[in-house]
Amino acid sequence: MLSGKPTRREFLQGTGILIVSFSLPSAFKSALAQAANSSKIVALDEVDAYLAVDATGRVTLYSGKVELGTGVSTALKQIVAEELDVPITAIKLIEGDTLLTPAQGKTWGSLTIQNGGVQIRQAAATARQALLQEAGKRLGLPVADLAVEQGTVRSGAKQVTYAELIGGKNFSLKLDKQAPLKDPANYKIVGKPILREDIPPKVTGEFTYVQDFNLPGALHGRIVRPPTIGASLQSVDENSIRGIPGVVKVVQQNNFLAVVAESEWGAIQAAQKLKANWSDWQGLPDQSKLWEYVRATKITKDDVTSNVGDADKALAQASKKIDATYDFAIHTHGSIGPSCAVADFKDGKLTCWSASQGPHDLRTQLAAMLSLKDTDVHVVYMEGAGCYGRNAHEDAAADAALLAHTMGRPVRVQWMREEEHGWDPKGPPTLMDLHAGLDANGQVVAWRSELFVPDGTGGVVVKLLAAEAAGLPVDKGMSPGNIINNSAIPYSFPNVKTVAHRLAETPFRPSWIRAPGRMQNTFCNEAFLDEVAVAAGADPFDFRLRYLSNDPRGTELLKRLIQLAKWRGRNATPTTGDVARGRGVTYVKYELARTYVGAVADVEVNRKSGEIRVRRFAVVQDCGQVINPEGVRNQIEGNVVQTVSRTLKEEVTFDRSRVTSVNWANYPILTFPEVPEIDIDLIDRPTEKPWGVGEPAAAVVPSAIANAVFDATGVRLRSVPFTPAKVRAALQSASEAGHVVDVPQIASLAFNQDISQSPIPYSTVTDFARFLG
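Residues numbered from 1 in each chain as written. Predicted model: local features only at pLDDT ≥ 70, side-chain atom pairs only at ≥ 80, totals over all residues. Heavy atoms only, no water.

### Side note on the nonpolar core
One recurring pattern in soluble globular proteins is that nonpolar side chains are buried together. Threshold: Only buried residues count toward a nonpolar core. Its members are Ala, Val, Leu, Ile, Met, Phe, Trp, Tyr and Cys residues joined through side-chain atoms within 4.5 Å. Think of it in three bands: residues with accessible area under 20% of the maximum for their type are buried, residues over 50% are exposed, and the middle band is partly exposed, with areas taken using a 1.4 Å probe on protein chains only. Strands here mean DSSP runs of E at least two residues long; helices mean DSSP runs of H or I at least four residues long; both are numbered from the N terminus. Only heavy atoms matter for contacts: two residues are in contact if any of them lie within 4.5 Å across the pair.
Residues Trp447, Ile612, Phe617 and Ile705 are the most contacted members of the largest nonpolar core, which totals 90 residues. No other element matches the 9 residues that helix α13 (residues 518–535) contributes to this core. Every residue in contact with Ile612, bar those within four places of it in the chain, is listed here: Val603, Glu604, Val605, Leu648, Ile705, Val709, Leu717, Phe722 and Val727.

Shown next as C-alpha cells:
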C-alpha cells in the first residue's frame, strides 16, 4: 500500500499549483492578481480553475470530472493538448480533488466530455488567445503572424515559450466564450486513436486504486451490519472479542456498529465474532409478487414525458391493437472490487480519500453528517476497482469518516463481498405497460405507455448508510437517477402519450447504475416496437426508417447498420433443432437529444437448456465529434459486455428481510468465454459538438437480444434477465399453445379484432403474426 501524507504546501508545489501570481502587462492588465498564499482557484468561470503552466512549460489540467475506467483522462488531455498546441505527454491531470478542482458536477450521465470537456476546451482556448496576444506584444508582431507548436509561439526566427510567458504564474482570466476554438480541419490530436495511458499500469498491477491506499498509523475499520435491513440494535457483548489481538475499540452510535483494530485481519475477525442482538424486521415484499407490489405502490405524481395528438381516442378506433407488459429486474452494481475509503480527522478538519464519482457532493454530505463546514472537509478522488454509477464508495467514505472522527486517527474501511452485494444501493425494478394501434394498412396510429418507477425526491445524492444508522443528519428522499429518460420514443407516430407513474417507495435504497432508466425504457420500447412491426408485417429496419423520416442522422445511422450487419431480413420461420439462431434490431437516440446508437444482435438459443448465447453485436454510433476513437470503441465494447451480462444473468434476489444474492455464485456475471464478437462503425462528425459515450450503447443491448430471440424461436421475452428457466418456460408455453392454434384461426383475428381480447394468448398470436399476409 502507498503511505505518507504530504503537507498541503508540498502537495501544491509537487503538482504545479501556482504559488506565484502575476498580471500580464497587456492582455491581462485588468486582471486581479492573486496573493501568494491564496487557495487554489476553483471557480467555474476562471481559467486558473482548469489550467496551470509551470516554469518548465508543463501543463496541469484540473478536472472536477473523474476517470472511472472510461478513458476520459486521456480524452480530456487530448482536448487541452489540441487547443494549446502542446504535447499530450506534457500534460498532468489532477482530478476530483475538492481543494484543487472546480465542481463540474458528478461524473455520470455520459456528460464528462459533453459538458466537462467543453468547459475545459473553452478554458484552453481562452488561455491560448491570451498567450498569443502577450507573445505578440513581446515579439513585436501581430497575432495573425504567430503560430504555436509544442508550447512555443513562433514567427520566423522569433519565438517565446509558454513557460517564458506565464510559467509558474496565474492567468487571472475569466473564461471567454467568444475565444476562438481551433478549426477541426487542423486537428492533430483530437480525433486520433491515442492509447489510454492508464491501461498498462492496470494490466501490470502497478496502478494504485483506492483499495491499495493507506496512511501511516491508520487503523482498520469494519462495519457490523445487522442481519436484516431494517433491524435495530438491542445490545452488544464487547467481551465476545476480548481475545482478538489488536482490537482498539467497538464503536456504537444508535444502530451504527463497528470495530476498529490495528490490523485489517484483526478488524475482520472482530467484525465476524462480535456478538450483537438485533430486532427482527420483515419489511421487504415477497419477491415472487414483486410486480404486484410495484403496481400496488402509491403513486406520488405522474410525469407526462410526451403527449402528441389523442392516443386514447386513436387506440379506441384502431383496426388492430397490440398490448404487452415488460419488466426489468432489480440490479446491484456488482463492482469487482468492493468499496473502500480512508479518512483522517485532525484539528477539526476531515480529509477523505474516496472513489466517489461525485467528490464535491460527497464533501457536502460528509460535512453535513459530522456538522462541519464544507470548507473543513477535503475529498481526494482515487480511482476504485468498479463503479458505473453510485455504488457503495460514498458509504465506505461515510463509514471511514465517522470512525476517524470518533478515533482521532486515520481509519481505512474496506467493504467485503457480501457487504457490497447486500448493502450497496440498487437499480430499482422497472415495469412498463405498452399499447399500440394499427390501421387497416398496417400504419401505426397510436402509441401509449405507462411506466412505473420510484420518485426522485432525493435529488442528486443518495443517503449515506452510516449517517442514517448513527442518527446523524442524512439526506431525505430517493435518488434513482433520471430514470424517466427515453420513456418517450423517437418515432413520429401521429398519436403518442407516455406517462411515468412515480412511486412513493421501492424495495431497496435506489441509485443509478449505468444508463439508468434509459436502458430499461429502451428495452421496453424497442422490444415492443418489434412486436408492432411484426403485427404490421414489416421488416424491423424498414419499420423504423418509415417513422424516422424527419431525423436524417438517425436515418443515416440505421442505413449504415444495415450494411455493417449485412442485414437480409428476418428469418422466414423460426429455426428448428436444439439450437435456434436469430437476429434482432434496436435503436436509440439517447434522451431523445444526443448520441445515436443502433445495434443488431446475433444469438443462439438452446431449446433444451434455455441458454442464450450472444455470438455477435454489430453497433453503429454517432456521438458527434469523436475525441478519441479508440476510447469510444472501448466504451461501446464495455457497454455491450456489461449489458449482455445484465440482460442474461443479473438479478438481485431477496427474502422478506435481506438481500440473498450476496456473492458471485448467486449473482453471476458474464464470463470471458461468453463475450460476443463486437463490430463497430463510428460516425465521426468533427464539426459537431461531442456527445457522451459512457452509457448510450448499453441502452440498446437488452432489446436487441430480445428481438433476436423472437427471430430465432418465435417467443417473446419480456422480463429481464433472460435466464434459462424463463426461456424454457416461454418455449414450453408457446409449444402448449401451439397445439390449439392454427394459422387460419389467427388470420381470422387480423385487423378487425382487438388481439388483446382474443381467447388465444397474445404471445401466441404475435408469434404467428409473421405468417399473416
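Right, picking up where we left off after that structure.
### Structural notes on the packing of helix α9 (residues 359–369) against helix α10 (residues 393–407)
The condition is simple: Under this scheme, a helix contributes an axis fitted over its contacting stretch, all axes are lines through C-alpha atoms, and angles between N-to-C directions fall in the 0 to 180 degree range. What makes a crossing left-handed is the near helix being turned counterclockwise from the far one by less than a right angle; a clockwise turn instead makes it right-handed. When residues are grouped by polarity, Ala, Val, Leu, Ile, Met, Phe, Trp, Tyr, Cys and Pro land in nonpolar, Asp, Glu, Lys and Arg in charged, and all others, Gly among them, in polar.
Between α9 and α10, the shortest axis-to-axis distance is 11 Å and the interhelical angle comes to 35°. Here α9 and α10 pass one another in a crossing that is right-handed. Across from Leu362, Leu366 and Met369 in α9, the residues of α10 making contact are Glu394, Ala397, Ala398, Ala401 and Leu402. The residue makeup of the contact of α9 with α10, split by class, is 7 nonpolar, no polar and 1 charged.

### Some points on helix α2 (residues 72–84)
Heads up, the condition is: Each residue after the first adds 1.5 Å to the expected span of a helix.
With 13 residues, α2 ought to run about 18 Å at 1.5 Å a step, and its terminal C-alpha atoms sit 18 Å apart, in line with that. A large share of α2 lies buried, amounting to 13 of its 13 residues. Phi turns positive one or two residues past the end of α2, at Asp85, with a value near 55°.

### Here we look at the domain arrangement of the protein
Our working definition: Where each domain begins and ends is defined by an automated method or by a domain database. Any pair of nitrogen or oxygen atoms within 3.5 Å is treated as a polar contact; in protein, a donor-acceptor pairing is required on top of that, and neighbouring residues in sequence qualify only through side-chain atoms on both sides.
Domain annotation for the protein reports domain 1 (9–192), domain 2 (211–280 + 333–423) and domain 3 (518–768). For domain 2 versus domain 3, the distance between C-alpha centres works out to 41 Å. The interface of domain 2 with domain 3 comprises 11 residues on the first partner and 11 residues on the second. Run the count over domain 2 and domain 3 and you get 1 residue pair in polar contact (both at pLDDT 80 or more). Here the side of domain 2 that touches domain 3 is built from residues that sort into 4 nonpolar, 5 polar and 2 charged.

### Describing the packing of aromatic side chains
As a reminder, the rule being used: Between the rings of Phe, Tyr and Trp (Trp by its six-membered ring), a pair exists once the centres lie within 6.5 Å; its type follows the angle of the planes, with under 30 degrees stacked, over 60 edge-to-face, and the other angles tilted. Lysine and arginine charges are scored as sitting over a ring when NZ or CZ, respectively, is within 6 Å of the ring centre and within 35 degrees of the ring normal.
Following the criterion strictly, the structure yields 15 aromatic pairs and no others. Taken together, a centroid distance of 6.2 Å and an interplanar angle of 50° make the contact between Tyr491 and Tyr587 tilted. Here the residue Tyr491 occupies a position in the loop between α12 (465–470) and β20 (496–503), and Tyr587 occupies one in strand β21 (residues 579–589), the gap between them amounting to 96 residues. With respect to burial, Tyr491 and Tyr587 carry one shared label: buried. An aromatic cluster is present here, built from Trp447, Tyr491, Phe493, Phe528, Phe543, Tyr547 and Tyr587 joined pairwise through their rings. Positioned over the ring face of Trp108 is Lys106, at 5.2 Å from the centre of the ring.

### Some thoughts on the sheet that holds strand β5 (residues 152–155)
Just so we agree on the cut-off: Think of it this way: DSSP has to see at least two bridges between two strands before they count as a pair.
Taken in spatial order, the 3 strands line up as β4-β5-β6 in an open sheet, and their pairing is antiparallel. Single-partner strands in this sheet number two, and they are β4 (147–149) and β6 (158–161). Neighbour-to-neighbour, the strand axes of the sheet open up by a mean angle of 25°, direction not taken into account. In the sheet, β4 pairs with β5 via 3 bridges, with the strands oriented antiparallel. By the bridge assignment, Glu149 is partnered in β5 with Thr152.

### A short note on the environment of Val444
With respect to the helices and strands, the residue Val444 is situated in strand β19 (residues 444–454). Along the chain, Val444 and Asp183 lie 261 residues apart, while their C-alpha atoms are 44 Å from each other. In this view, Val444 contacts Gly437, Leu438, Phe493, Pro494, Val532, Phe543 and Tyr547; residues no more than four positions away in its chain are not counted.

### Some remarks on the pattern of salt bridges
Under the convention used in this document: Think of a salt bridge as a Lys or Arg side-chain nitrogen and an Asp or Glu carboxyl oxygen that are within 4 Å of each other.
Overall, the coordinates contain 48 salt bridges when judged by the stated rule. Glu531 is the partner of Arg718 in a salt bridge, and the nearest nitrogen-oxygen pair spans 2.9 Å. You can see Arg718 sitting in the loop between α18 (701–713) and β25 (719–720) and its partner Glu531 sitting in helix α13, a full 187 residues away along the chain. Like Glu531, Arg718 is buried. Across the salt bridge formed by Glu604 and Arg615, the nearest N and O atoms sit 3.2 Å from each other.

### Some points on the sheet that holds strand β24 (residues 677–683)
Across the sheet, 4 strands lie side by side as β21-β22-β23-β24; this open sheet has mixed pairing. Strand pairing shows two members of the sheet lacking a second neighbour, β21 and β24, which therefore form its edges. Sheet twist, expressed as the mean angle between neighbouring strand axes with direction ignored, is 10°. Where strand β22 (residues 596–606) lies against strand β23 (residues 612–622), 10 bridges are found, and the strand directions are antiparallel. When the sheet's bridge partners are listed, Ala599 is paired in β23 with Val619. Here helix α15 (residues 552–565) sits on the sheet in contact with β21, β22, β23 and β24, set at roughly 140° to β23. The sheet contacts of α18 involve β21, β22 and β23, and relative to β21 the element is tilted by about 145°.

### A few points about the side chain of Asp433
As for its position among the elements, Asp433 is in strand β18 (residues 430–438). Among the polar contacts listed, one links the side chain of Asp433 to the side chain of Arg295, at a separation of 2.6 Å. Within the structure, Asp433 has its side chain in polar contact with the side chain of Thr325 (distance 2.7 Å). Those residues in contact with Asp433 that lie beyond four places of it in its chain are Arg295, Ala324, Thr325, Arg448, Ser449, Glu450 and Phe452.

### A word on the pairing of β6
Both β5 and β6 contribute to a ladder of 4 bridges, which runs antiparallel. Considered in β6, the bridge of Ser155 is made with Lys158.

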